[in-house]
Every structure is written in structure tokens, then in C-alpha cells.
Amino acid sequence: MEYGLIGERLGHSYSKIIHEMLCDYTYDLCPLAPDQVEDFMRRHDWKAINVTIPYKRTVMPYLDSIDEQAAAIGAVNTVVNKNGRLEGHNTDFGGFLYMVKAHGVSLAGKNVLVLGTGGTHKPVTAVCRAEGAARVLSVSRRPGPDVITYEECQKHPEIDIIVNTTPVGMYPNNGQCMIEMDWFPRCQAVFDAIYNPFATELLLRARDAGVLTVNGFEMLVAQAVYAAGWFLDKTIPESEIQRVHSQLVGQLSNLTLIGMPSSGKTSLGRALSGRLGKTFVDLDAEVVKLVGMSIPEIFAQQGEEGFRRLESEVCRKFGAQNSQVLSTGGGVVKNAANIRALRQNGPVIFIDRPLDELEVGGGRPLSTSRQALEEMEAVRRPLYEAAADCIVQNRGPFDRVARAIEEAFYETACHQRP
């Protein structure tokens, strides 16, 4: 190995993808058990490595020098082998600072609440202080010196900015959150170091409150760019951060299609999966697979309530995964939790097809007549509009509509045009 990443569990790491998009070298993932770290560091038969949990402190005694920033933070995430001399650096500080500035947020004079006291806590608080934050409060389940509890943080409505450095809400424990946004009426922005899912429950709650939200993926890419600069001993333009970030978000994000029965979700979804290079998933078909019965049979045996429970189960499952085009059933919006699950990893687009072009029947238990369809549309339209990140009219032709959805996806997911 010449370049790579060491850590204990690296199964979900994007570092290899990011580094190999940035530079012309092979980047290897090297999981190590705790008793393997010493031998790996003493042999140092590699050119440069990144270090992740839980070894950012463990590697420090094996280094010949540690730069001032890494020493102040008390952790190293980048090690360069210069003719047998190991030099330690930390790019967490620069990665978080880039993420804050890229979104036009000023920390100067702000009251910042930092959730968690683990490895990412120190670089985040260091950035806050360097940028002139008026106050930095740290929160943990266990109180300690300069650390308050989650119960106590409710007593601080003056908080302007929240930063999550905990694993709460990270895959596979999606949906977890330790705070409520109404505790912090002055909050202007929420940053989350988590990037899987792209929108944790914390970020979804902040969005609902109309607050700026940023996930940790941009920080991850920025860290990689700065680390690659150390690896190669050269300055890599910061424009590379946005290029790689936008490209990967486009590749990894889901596209979820909602709309009335027969609005074109399935046919458009199949076409878009090819255009976008994503896996197509029909959530109604997944319900059928789950129980081995057709949808009319499920309705006959379990009623609509039984079907909706199954529907929610598949929404949770596939909403937590990446790189998919998800075609939903027409009634998926009846349960707000479904939309929350589907919005974790990409935009939701409402395909709005004229009512007089929608089909009656076709094996759809709730579309048995034109009147039933009209009544259903009247009830569901406000739900579709509330759930959607954007709306695309389906008035044909097919290719034009598919292209419009593709453009809406790129603009919404990564703020770029295809």
C-alpha cells in the first residue's frame, strides 16, 4: 500500500472514491484491529495515510513530528512518510471551517452548541473559537467540566448555531435525535458531521423549522482535498472540493417520485434510473415481495391499514439506502413518516399529471371509479405539494418530462445542471 486509510471499521468509507477522483494514485482501505496498529506504524512501508476512528490519538506516539494545529486538537488524521520520518497533521479543522464558510455562515459573536465530546468535538470547537464565537457550549449524555447535559441545554434559547459531532442518527440508527428545534428559537444554522444519511433526523427537524442545514459530506471531501495536498506536497485548488462534492452527491443521492396512481412514476422512474445510473425500486412491488401477495389481496385480507404498515416498512428500508430511483405508491404521502424516511437521502419530486389523464381501475384498489379518483386527488394534492422538493408537470411528451425531472433532481440534490 502506498496511500490509504486505517481505522477499525471502514465498510462505509467514501475516502477511496474521493481520493481516486482527486488524484492519480490508488487509495486503499486498511481496517486494523487494535493489536495491529503498532506493527503497522513501526513498519511504515507506505507513503502517506489517513487515520480514522478509533486511532487518531493512538498513532501519535509513533510520529516524529506533529504540526501545531494537530497538537492543539490532540488528534492526527493524516500521516506523511518523508524518507522514514513520520509527520502528523489534522485536516478536520480545515474541513469544518470550509463547510461553514462555503455556506456563508459567520461564527463571529455567535452562541454555538456542540453536541458530543468525541473526536470531532475538538476541531469543531477550535474553529468556533478561532472564528470569534461569543460562547461555545458542549453537550453530552454525561455532564463534566465545561459539559452540560441535554436536559440543561434546553435552558439556552440564545443558541445561534448547532453542530452535531455525535453518531446519533447515523446509519443504521436512522431517525434518532437528542434535541428539539423549538428549544432554540434563535437558531440560524445546523451543521451535522454525519453524512450517512445525508439528512439525519436532526437536519430534517431543522429544515422543518426553516433553518439552514448542512451535512458532513462536504467536510469529508474538504478533509480529503487537504490531506491529498499533504500526501503530494502541493496545494490542491479548493474548487476541487465543490467539483468532487457535487459529482458524488449526484451519484449517491436518491430520487423519489410521488404522485397519483397512473401519473407515470413507474415508467418515468425506470427511464430515469438508466439516465442517472441508479437502481430502480418500485416500492409497491417491494410490498408485494415482502408478503407474497398482490396489492388487491393485501387490501382484501389486511385492509388499507395493513397495507400502509407494510408500505412504511419498505419506505424505511429503501429510504436509508443510496443511489436509487424510488417509485412510490400514490398513497405514500398519507403517512408523514414515510416522506421523512424518503427525504433522508435525496429529493422528492411530485409528478403532477392532469386529472383527466389518470387511469381508473388497473388493479388499483382505491381508483375504482372516476369519482373516487377525483375525490382522492382533492385530498392528496395538498399532501403531494407539501412533501415535494419540487413539482414537474407530466403533460408529455415522455422524453421531455424525463428530462425535466432529471434537471430538477440535479438542481435540487447538488445545485447543478446535468
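The structure we're discussing is the one just above.
Residues numbered from 1 in each chain as written. Predicted model: local features only at pLDDT ≥ 70, side-chain atom pairs only at ≥ 80, totals over all residues. Heavy atoms only, no water.

Enquirer: I'm lost on the pairing of strand β15 (residues 324–327) in this one. Help?
Expert: Within a regular beta strand, the side chains point alternately toward one face of the sheet and then the other, so they alternate between its two faces. Side-chain alternation along β15 places Q324 and L326 on one buried face and V325 and S327 on a second face that is also buried. Examined bridge by bridge, strand β13 (residues 255–258) and β15 share 3 bridges and lie parallel to one another. Looking at β15, one finds that T256 is bridged to L326. Across 4 bridges, strand β14 (residues 279–282) lies against β15 in parallel orientation. Note on β15: the bridge partner recorded for V281 is L326. (Buried < 20%, exposed > 50% of the residue type's maximum accessible area, 1.4 Å probe, protein only. Helix = DSSP H or I, 4+ residues; strand = E, 2+ residues; numbered from the N terminus. Pairing = 2+ DSSP bridges.)

Enquirer: Got a minute to help me understand the side chain of T166 in this structure?
Expert: Structurally, the position occupied by T166 is in the loop between β10 (161–164) and β11 (189–192). Polar contacts involving the side chain of T166 include one to the side chain of N164, which spans 2.8 Å. Setting aside anything within four residues of it in sequence, one finds T166 in contact with L115, G116, Y150 and I194. (Polar contact = N/O pair within 3.5 Å; in protein donor to acceptor, adjacent residues only side chain to side chain. Contact = heavy atoms within 4.5 Å.)

Enquirer: Which parts of the structure should I look at to understand the packing of helix α1 (residues 15–22) against helix α8 (residues 217–232)?
Expert: Packed helices, taken two at a time, are described by the angle their axes make and the gap between the axes. Interhelical geometry of α1 versus α8 gives an angle of 55 degrees and a closest axis separation of 10 Å. In terms of orientation, α1 and α8 fall into the oblique class. Considering how the two elements wind past one another, α1 and α8 form a crossing that is right-handed. Counting all contacts with α1, which are made through I18, H19 and L22, the residues of α8 involved are L220, V221, A224, V225, A227, A228 and F231. Classifying every residue of the contact of α1 with α8 by side-chain character gives 9 nonpolar, 1 polar and no charged. (Axes fitted to C-alpha atoms, helices over the stretch in contact; angles between N-to-C directions. Parallel < 35°, antiparallel > 145°, perpendicular 65-115°, else oblique. Left-handed = near helix turned anticlockwise from the far one by under 90°. Nonpolar A, V, L, I, M, F, W, Y, C, P; charged D, E, K, R; others polar.)

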